[in-house]
Structure formats: structure tokens, C-alpha cells
Amino acid sequence: KQVVSTQSTGAPKEKKKKKVSAVKENDLGDMDADEFMASFGDDGDTNNVSKPPAKPKTKAKKKSKKSKSVNSDEKAESSEQNAEEHTPDTPSHDENIPKSGNVVKGLSQLEGKDSDFFKFLQENDPDLLNFSGGEDSDDLSGVDSEDENAEDVTQAENDVIESDAEKMSDNDPELETEITTEEPDLPESTSLSINVTSRLLKKWESQLEKNSLPTWKQLVRAFQAAVVTAKGDEPESEMKYTIVDPDIVNKVIMICLEHTSDVLKHHLGENPTSSSKWNRVKMSLKSYLTSLTELLGLLTSNDVLCAVMRHCKTMLPYYAAFSRLMKKFVKSHVVVWGSKAEMSRVVAFTCLQAVVKKIPTFLEDILKKMYVEYTKCSKIMNPKTRDNIMLMRNSLVEMFKINPSITYTTGFLYIRQLAVTLRSVIVNKKEIESVYNWQYINCLHVWVSVLSDCDACLQPLIFPLIQVMMGVIKVHSSPCFYPLHLHTIRLMLHLAAATNKHIPLVHSLMGTLEFCATINKAPATKPVDLTCVLRVTKGYKKTKAFQDGVFDLTYELLLNYISQLSQSISFPEVSFPITVWLRKFNKKCNNSKYTSQLKQLLEKMETVSRDLTDKTIFCLLHPQGPGSGYQVGE
């Protein structure tokens, strides 16, 4: 049994010694190319070196399992033999690896023996010819097998992580920049942004004259920085450019207004979305239009504001490609239309008209936004705001005339809203302030102007509007609200004259004249312009100045009303109650100024009635007419 164990354990030793001696005896200098590569692998790497044969210890264990009668002495001998196998005298697998000095020597001799192969290595694997065995030999001799396994596992894990990162970066280019490039932590005082200077702007401007698209994209980034500076916010860390000087901000804005439209038209043409360069320009254009819309709310100079809005008008084809930006465009221009100077309002209105012509589907949205803005801006009426309110009202009426069908649906909605508000006030008189205000009266004024010159499809809205206005007069009959009554009567007279409708207003006009029949003995005060007043205080209504103002305004409206009636053949019959009432008023009134004016009016009314009666005698419809053969006016 001892002989069997020694033979089984000693056989591998003899094979190893023969292999090692064969490698030593076969000098590397005498090898050809094939033998040289087979000796230590294709790349000279230790991973390709053949593994040593299995340790004899495992074979001894197998033999011991088969022979169950081995005593303890034999086990001791087998353990001693295993210990001897691991002594330094035993040849290890490192002896199969050539020494670094022999490798270098063999490489140097290879050039003379096989020049073609040497050239091949120079072209394809120059690192092999620059072989340095210092570090590699130390690693091979001093690294433990367990460390090698640990390094192999670590390297495998790193390879898996790198491959996953490459797959993720292929799918997401932004993620690739985050994975491959790691920005160092910078101190707070350090900034990577570029400060825009006049020299840089001149360079950009010269390139923009040649319609350079990359330069325009850089200008867009500078324009964003200019808008941030105009806001007064701190620039974001991600911004490429920063602007500190206000003059540079103005220059950047002016360069954008001057060159942007030409550059985009040169590269995108008349139909931007169908251009082949649209995808390249889309994101930069969107950021530019967003900043341009924000800029409208920051400007205070009317000249610059008008210039920016005119530029926005030229950019409408590009706004049309972004529906959200178009809504912001409309909203910002409506705000300018309702809050800025007169010239800015006009330019904003022309931009809104251009939007409707470009995209007719935006008309309804624009009408609603303009109407709401008009109601917000018409709450206060005075000599300073009267012109602006009148400008807004006239421009809003022009927008309502574009599409009568949309005007009908919108008008029905808002006139009904006015009627609902009036009904709530009639039920609860405490809410009278929701009707007796300038906002409500100006809304009535808008719809009177819209329906005064309207198509046939809008005619059904006239009667509801008249009912609302007559209900406003009847809510409260106090003399303190006579100015509001007279304003409402004026609106109804305007609507009646434009639509050729008869509205009975005699009772309302005579009621205000009754207030002027008695002389007020209150101390004289400065007269007030009732065109900008809806109500007066109880103390002021007893003054002579208020009485004179009410009479003058009532007398003017009465003349207008009688003038409209005189155009009808029924004037003698319709004017009869008015003449009777005016004669009674002259008897009661003690004010000579009032009575003299009313006497002149009575004389004029009687003259017109007499002339019409004489002419209608010859009419076939007159009860005293001859009956046949005569025409009106003969």
C-alpha cells in the first residue's frame, strides 16, 4: 500500500520536472514564431498559461477511501508526503512562465530570425514589443491565488457596470454626459457662465448678417439671460451667458428684434413646420418665443414695447406652431391692450387682429379675454380714464364684428349674465351696488354699440338688452341716482336711433324734469360734470348746481327723443301727451330759465305737428282724406 501511494503521488512530480526541464532546455532564442507564441500564450498574459496539474493530495484522499484498512501511520506518511510537495524544492506552475529577461532577449532576436512576423507585431501589437517584465514578474511571483480570484471577480463586476452604463447612455444621450463626465465641485465664487460684452455682440451681429444659424442659437441664450436680468432675478447656474450691464441688455434685445426674423425666414421659409431644419431650430425657437412673451410684461418704455410687439407680430407664423405659446401671446397682448398707453394699446390691438386672421379659431377666446379685461379696466370713470375706456370699447366692438355667429353666442352669454345680476338686485335691494356702478353701465354700452350696427342674426338680442336697461332705471328712483338714469336713457336712445326701434322713454324723462320744478335754496356750489358721475350724495342733490346739471342733461335727451319721433308720420299723436305735460310743468316751475327753454321746445313741436297733419290730410290712410287719387307729399 505504501508503494501504491508513493507511485500515485510521485508520478506527477516526474511529469512536471520533465516539462520544466524541457522549457529550460529549449532556449527561447532557438524558437521559431509558433513555438514562441505557444510557450507563454498569444498575448504574453498569465491568464493564458496552462494551469498546473491537480494536487496529489486529492488523489491520496481517493485512494484512502478505497482502502478502509489504512492505519494511522500510513495517514501520517501521506500527510508528510503532501507537505513535501509544497516545499520550495517542488517545481510549481510558475516555472512554466518564462522569465522577463528571456522574453526581452527573445523579442530582440526575433527581428533577425523572422522579420515579417516582427513587422506584423509592430503594426498590430506594439505593446508586446515594448514588453517590460519588472512589474509583471513581480505580480506573477508575489500574488496569491486567492487575490487573483478576487481581482478577477472585481474586474468582472466593473465590466458589467460599464456595459450597463454604455447601454443606458446609448438610449439617453443626456445620461451619457452625466455618466462619462463628472464636473468637479467648484467653490461658490467660481462661475462657468460667459459675460456678454459689446465686442462679443459685434462679432455675433456680423455673423447674423450672413444668416448664421449657430450664432443665432447663441444669441437666444444671451437673450434669455437679458430677460432674467430685466426681471431682477439671479441668473441660474445652468445659463451659459450672464449680463450685468443694462446697456448690454438693451443691445441684445435690439439685435434680436433686428435679425431674428430674417435668419428664421432664410432657414425655415414661409412654412416653418414643413422645413427640413425645423427639428434643429424647434427647441431654440421655443425658448426664444417664451422669453419674448415674458419680456412684454417687463417693459416700461412705450417705444420699446411697441417695437417688441411689432416684432411679435412678424413672429406669428412661428407662434402658431406652439399652441401654448400662442395662448400666452394672446394673454400678454390683451393685458397690454388694457393697461398701457394709447399707442401701445393700438399696437396690441393690431397684433390681436393679426392672430384672428392667421388662426380664426382663436377669435372666441380672444373676444372673451378682451371682454373680461374691458370689464376690469372700466370700473373707474373719470376724465383721465374716459378716453382709454372709449378706445377699448371701440376696438372691442370691431372685434365683435368679425364673426356675427360667434358674436351672437358670446353676446347671449354676457347679456344673460347682466340680466341675472339685475334680477338678484330686484329681489334684494341691498345688492344695488352690483348694478349701479360704472362696470355694469360700460358693459351695457358695449352691447349697445355692438347691436347698433349688426347683422340680422343679432337682432334677437336687442329686445333683451332693452329690457335690462329699463329694469336698471326702475331699480331705484331716488334723485341721487338721476345721473345713472340719464346715462341709461342715452344708451337706449342711441340703440333706438340705430335699429329704428321705438322705446317709450317719456315717463323716465318727465320724472327727472319734475325734480327741477321747485327751486333749491341750498348754498351755491361748483357744478359737477355729470358725464363721469353715476350718483351724488344726499347733501349735493339739494344744491342749485346739481339741479341745473340734471335739467340741462334731461333737456338734451328730450330734444334727441323728440327728434327721433318727428321722423315718423305718427308724431302729432305721439307728441300730444308730451306737450300736455310740458304745459303743466311750465305752470308749476318758478325758474324762468327752464320755462323759457321749454316754451321754445313746445312751439317747435306744435309747428312740426301742424305741418305733418297738413301733409297727411291728402294721404289715403288719414280719416279726413278724400279717399283716392292722391299720394303722400302731393
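Above this note sits the structure.
Residues numbered from 1 in each chain as written. Predicted model: local features only at pLDDT ≥ 70, side-chain atom pairs only at ≥ 80, totals over all residues. Heavy atoms only, no water.

1. Description of the overall build of the protein
And then number 1: When helices and strands are counted, the protein shows 28 helices and two strands.
And then number 2: Sorting the 634 residues of the protein into buried and exposed places 38% on the buried side.
And then number 3: Contacts in the protein between residues far apart in sequence, at least 24 positions, make up 69% of those at least 6 positions apart.
And then number 4: Roughly 37,700 Å² of accessible area belongs to the protein as shown, and the carbon and sulfur atoms make up 52% of that amount. (Helix = DSSP H or I, 4+ residues; strand = E, 2+ residues; numbered from the N terminus. Buried < 20%, exposed > 50% of the residue type's maximum accessible area, 1.4 Å probe, protein only. Contact = heavy atoms within 4.5 Å. Areas by Shrake-Rupley, 256 points an atom, 1.4 Å probe, with all protein chains shown as cover.)

2. A closer look at the state of the cysteines
Chemically, a disulfide is nothing more than a covalent bond linking the sulfur atoms of two cysteines.
And then number 1: This structure, assessed with the given rule, holds zero disulfides.
And then number 2: C312 supplies the cysteine sulfur nearest to C351, a cysteine that is in no disulfide, at a spacing of 6.8 Å.
And then number 3: Residue classification places C351 among the buried residues on the basis of a relative accessible area of 0%. (Disulfide = S-S within 2.5 Å.)

3. Brief notes about the packing of aromatic side chains
And then number 1: A full pass over the atoms with the stated rule returns 17 aromatic pairs.
And then number 2: Taking 6.0 Å as the distance between ring centres and 15° as the angle between the ring planes, the aromatic pair formed by F551 and Y555 counts as stacked. One end of the pair, F551, and the other, Y555, are both in helix α26 (residues 544–565), four residues apart, so they sit about a helical turn from each other. With respect to class, F551 is no different from Y555; both count as buried.
And then number 3: Their ring planes at 25° and their centres at 4.0 Å tell us that F551 and Y594 sit as a pair that is stacked. Placement of F551 in helix α26 and of Y594 in helix α28 (residues 592–616) is noted, with a sequence separation of 43 residues between them.
And then number 4: Clustering of aromatic rings is evident, with ring pairs tying together Y371, F400, Y414 and W447. (Phe/Tyr/Trp six-rings, centres within 6.5 Å; stacked < 30°, edge-to-face > 60°.)

4. Focus on the side chain of S452
And then number 1: Its location among the elements puts S452 in helix α22 (residues 438–452).
And then number 2: Separated by 2.4 Å, the side chain of S452 and the backbone oxygen of V448 make a polar contact.
And then number 3: Each residue touching S452, except ones within four places of it in the same chain, is listed here: H494, L495, A498 and T499. (Polar contact = N/O pair within 3.5 Å; in protein donor to acceptor, adjacent residues only side chain to side chain.)

5. Things to note about unusual backbone geometry
And then number 1: Its identity as a non-glycine residue notwithstanding, N211 has a phi of 60°, on the positive side.
And then number 2: Looking at the element boundaries, N211 is found in the loop between α11 (198–208) and α12 (213–231).
And then number 3: With a phi angle near 60°, N500 is a residue other than glycine that sits in the positive phi range.
And then number 4: Relative to the assigned elements, N500 resides in the loop between α24 (482–499) and α25 (506–515).
And then number 5: A relative accessible area of 73% places N500 in the exposed class.

6. Observations concerning the packing of helix α14 (residues 278–296) against helix α17 (residues 323–339)
And then number 1: Their axes nearest at 9 Å, the elements α14 and α17 cross at an angle of 15°. As the angle between them shows, α14 and α17 are arranged roughly parallel. Along this stretch, α14 crosses α17, giving a crossing that reads as left-handed. Where α14 approaches α17, its residues K286, L289, T290, T293 and L296 are matched on the opposing element by L325, K328, F329, S332 and H333.
And then number 2: Here the residues of the contact of α14 with α17 are counted per class, giving four nonpolar, four polar and two charged. (Axes fitted to C-alpha atoms, helices over the stretch in contact; angles between N-to-C directions. Parallel < 35°, antiparallel > 145°, perpendicular 65-115°, else oblique. Left-handed = near helix turned anticlockwise from the far one by under 90°. Nonpolar A, V, L, I, M, F, W, Y, C, P; charged D, E, K, R; others polar.)

7. Looking at the nonpolar core
And then number 1: In terms of nonpolar packing, the biggest core is built from 154 residues, with W216, V252, L285, L444 and L582 touching the most fellow members.
And then number 2: Here this core takes 11 residues from α26, the largest share from any one element.
And then number 3: In contact with L285, not counting residues within four places along its chain, are W216, L264, W278, M315, Y318 and F322. (Core = buried A, V, L, I, M, F, W, Y, C linked by side-chain atoms within 4.5 Å.)

8. Here's the deal with the side chain of T488
And then number 1: For T488, the location among the structural elements is in helix α24.
And then number 2: Once you skip the residues sitting within four places of it in the chain, T488 turns out to touch I441, M469, V472 and I473.

9. So, a positive patch on the surface
And then number 1: On the surface, a cluster of positive charge is made up of K282, K286, R324, K327 and K328.
And then number 2: For the positive patch, the secondary-structure elements that each account for two or more residues are α14 and α17.
And then number 3: With three residues, the single largest contributor to the positive patch is α17.
And then number 4: Position of K282 relative to the elements: it lies in helix α14. (Patch = residues over 30% accessible without salt bridge, like charges linked within 9 Å, V, L, I, M, F, W, Y side chains within 5 Å. Salt bridge = Lys/Arg side-chain N within 4 Å of Asp/Glu carboxyl O. Lys, Arg positive; Asp, Glu negative; His and termini not counted. Charge placed at Lys NZ, Arg CZ, Asp CG, Glu CD.)

10. Overview of helix α21 (residues 404–427)
And then number 1: With 24 residues, α21 extends 34 Å from end C-alpha to end C-alpha; this agrees with the ideal 34 Å at 1.5 Å per step.
And then number 2: Listed as buried for α21 are I406, T407, T410, G411, Y414, I415, L418, L422 and V425.
And then number 3: The secondary structure elements touched by the buried residues of α21 are α19 (363–377), α20 (386–400), α22 and α23 (462–475). (Expected span 1.5 Å × (residues − 1).)

11. Notes on the environment of N437
And then number 1: Topologically, N437 is positioned in the loop between α21 and α22.
And then number 2: Sequence separation of N437 and K379 is 58 residues, and the distance between their C-alpha atoms is 7.4 Å.
And then number 3: Reaching out from N437, the side chain makes a polar contact with the backbone oxygen of E433 at a distance of 2.6 Å.
And then number 4: A polar contact of 3.1 Å, which involves the side chain of N437, links it to the backbone oxygen of S434.

12. Remarks on α19
Since the α-helix advances by 3.6 residues per turn, residues separated by three or four positions end up pointing in the same direction.
And then number 1: Between the first and last C-alpha of α19 there are 21 Å, a value that for 15 residues agrees with the 21 Å anticipated at 1.5 Å per step.
And then number 2: When we look at burial in α19, the residues that qualify are L363, I366, L367, M370, Y371, E373, Y374 and T375.
And then number 3: Buried residues belonging to α19 abut α17, α18 (342–358), α20, α21 and α22.

13. Details of the pattern of salt bridges
Between side chains of opposite charge, a pair can form when the charged atoms approach closely.
And then number 1: The tally for this structure, following the rule as stated, stands at nine salt bridges.
And then number 2: The salt bridge involving R535 is made with E433; its shortest N-O contact spans 3.1 Å. One end of the pair, R535, is in the loop between α25 and α26; the other, E433, is in the loop between α21 and α22, with 102 residues separating them in the sequence.
And then number 3: The exposure class of E433 is partly exposed, given its relative accessible area of 46%.
And then number 4: Of the charged contacts, one joins D548 and K544 as a salt bridge, the two residues approaching to 2.8 Å between their closest N and O atoms.

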